[in-house]
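An overview of the molecular structure
The chain contents come next:
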Amino acid sequence: MSDQKYLVYGLIAIAGLALAWIVNDLSDGQDAESERFVSRESRTAMAPQAREGRIRIGSLTVTAPTGWKRENPASSMRAGQFRLSAASAESDDAELAVFSGIGGSVEENLQRWFTQFSQPDGSSSKEKARISSFTVDEMTVTMAGLSGTFAGSGMMGAPAQEKSGYRLLAAIVEAPDDFYYFKLVGPEETLASWAESFGEFISSIRQTG
């Protein structure tokens, strides 16, 4: 029984490392320009490893990494919300919004998020995006990464403000009861410092049933 327990723990650790690698691939592979901010080695050193308590989001539970600030959702549409602090005084915080019950397919929601970004060269954000799928706790997860100029919808109907040098890291989890959407948006520098942490966060997702 003891050997089996350690085997399970080992497999979980390996899955977490593999997912962190996938997130880095999505985060790093946007373009050469993004590498001017923070090197892969620096991100590894900056990404927090310690874990706090489990948090319930709908039918799922997750473990928030140390340094993540849980907030009250900004709207009733959100099932959860976290703030990730800026990587430097010159940068801004990143925000992770969690949704469920918003309808649409995985592809439709990803496309909607991609259209919130434009590219400096005028190319298609959809074609620039990097997408990967894998399994966490027997649930299919689709993860996407994209950089560009962000022009998401403004709060309370306010006009959207374009923000250059922004990045999206997103994960859509196909749970038995519903789809759960994890959308992390912020400056490239800030997301680079939290990329592996986001991978660990997603790999910690478990079903409650």
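Every chain is numbered on its own, with residues counted from 1 as its sequence reads. For a predicted model such as this one, the threshold for reporting local features is a pLDDT of at least 70, and the threshold for listing and counting side-chain atom pairs is 80 or more; totals across whole chains, interfaces and linings nevertheless cover every residue. Water and hydrogen atoms were dropped before computing side-chain values, which therefore reflect all heavy atoms in the structure.

So, the pairing of strand E7 (residues 130-136)
- Pairing between strands is defined by DSSP: at least two bridges between the two strands are required. Counting from the N terminus, the helices are the DSSP runs of H or I reaching at least four residues and the strands are the DSSP runs of E reaching at least two. Looking at chain direction, E7 and strand E8 (residues 139-150) are connected through seven bridges and run antiparallel. Paired with Val136 across the strands is Met139, a residue of E8.
- In this antiparallel pair of consecutive strands, E7 and E8, the connection spans two residues, and Asp137 shows a positive phi of 50 degrees.

Concerning unusual backbone geometry
- Of note in this structure, Asp137 is not a glycine but carries a positive phi near 50 degrees.
- We call a residue buried when its accessible area falls under 20% of the maximum for its residue type, exposed when it is over 50%, and partly exposed in between, using a 1.4 Å probe and counting protein chains only. On the basis of relative accessibility, which here comes to 32%, the residue Asp137 falls in the partly exposed class.
- Phi is positive for Glu138, which is not a glycine, with a value near 65 degrees.
- With respect to the element layout, Glu138 can be found in the loop between E7 and E8.

Regarding the environment of Tyr180
- Following the sequence through the fold, Tyr180 ends up in strand E10 (residues 179-187).
- As a C-alpha pair, Tyr180 and Ala79 span 101 residues in sequence and 8.8 Å in three-dimensional space.
- N or O atoms within 3.5 Å of each other form a polar contact, as long as, within protein, one can give a hydrogen and the other can take it, and as long as residues adjacent in sequence are counted only when both atoms are side-chain atoms. A polar contact is formed between the side chain of Tyr180 and the backbone nitrogen of Ser59, at a distance of 2.9 Å.

Description of the nonpolar core
- Here, nonpolar core refers to any group of buried Ala, Val, Leu, Ile, Met, Phe, Trp, Tyr and Cys residues whose side-chain atoms link them within 4.5 Å. Phe82, Leu96, Phe182, Phe198, Ile202 and Ile205 are the most contacted members of the largest nonpolar core, which has 30 residues in total.
- Among the elements that make up this core, the one with the highest residue count is helix H5 (residues 188-203) (six residues).
- If you look at the next biggest cluster of nonpolar residues, it comprises 17 residues, including Val106, Leu110, Phe117 and Tyr166.

Thoughts on the pairing of E8
- For E8, a buried count of eleven out of twelve residues is recorded, marking the element as mostly surrounded by other parts of the structure.
- Looking at chain direction, strand E6 (residues 117-118) and E8 are connected through two bridges and run antiparallel. Within E8, the residue paired with Phe117 across the bridge is Phe150.
- With ten bridges connecting them, E8 and strand E9 (residues 163-174) associate as antiparallel partners.

Topic: the packing of aromatic side chains
- Each aromatic pair joins two rings of Phe, Tyr and Trp (for Trp, the six-membered one) with centres within 6.5 Å, and gets the label stacked for planes under 30 degrees apart, edge-to-face for over 60, and tilted for any other angle. For the structure shown, the criterion picks out eight aromatic pairs.
- Aromatic side chains Trp113 and Tyr181 sit 6.2 Å apart centroid to centroid with 85 degrees between the ring planes, which places their arrangement in the edge-to-face category. Of this pair, Trp113 sits in helix H3 (residues 106-114) while Tyr181 is found in strand E10, placing the two residues 68 residues apart along the sequence. Tyr181 matches Trp113 in its accessibility class, with the two residues each being buried.
- Relative to Tyr181, the ring of Phe179 has its centre 6.5 Å away and its plane inclined at 50 degrees; by these criteria the two rings are tilted.
- You can call Tyr181 buried: its relative accessible area is 1%.
- Aromatic rings pair up to connect Trp68, Phe82, Phe182 and Phe201 into one cluster.

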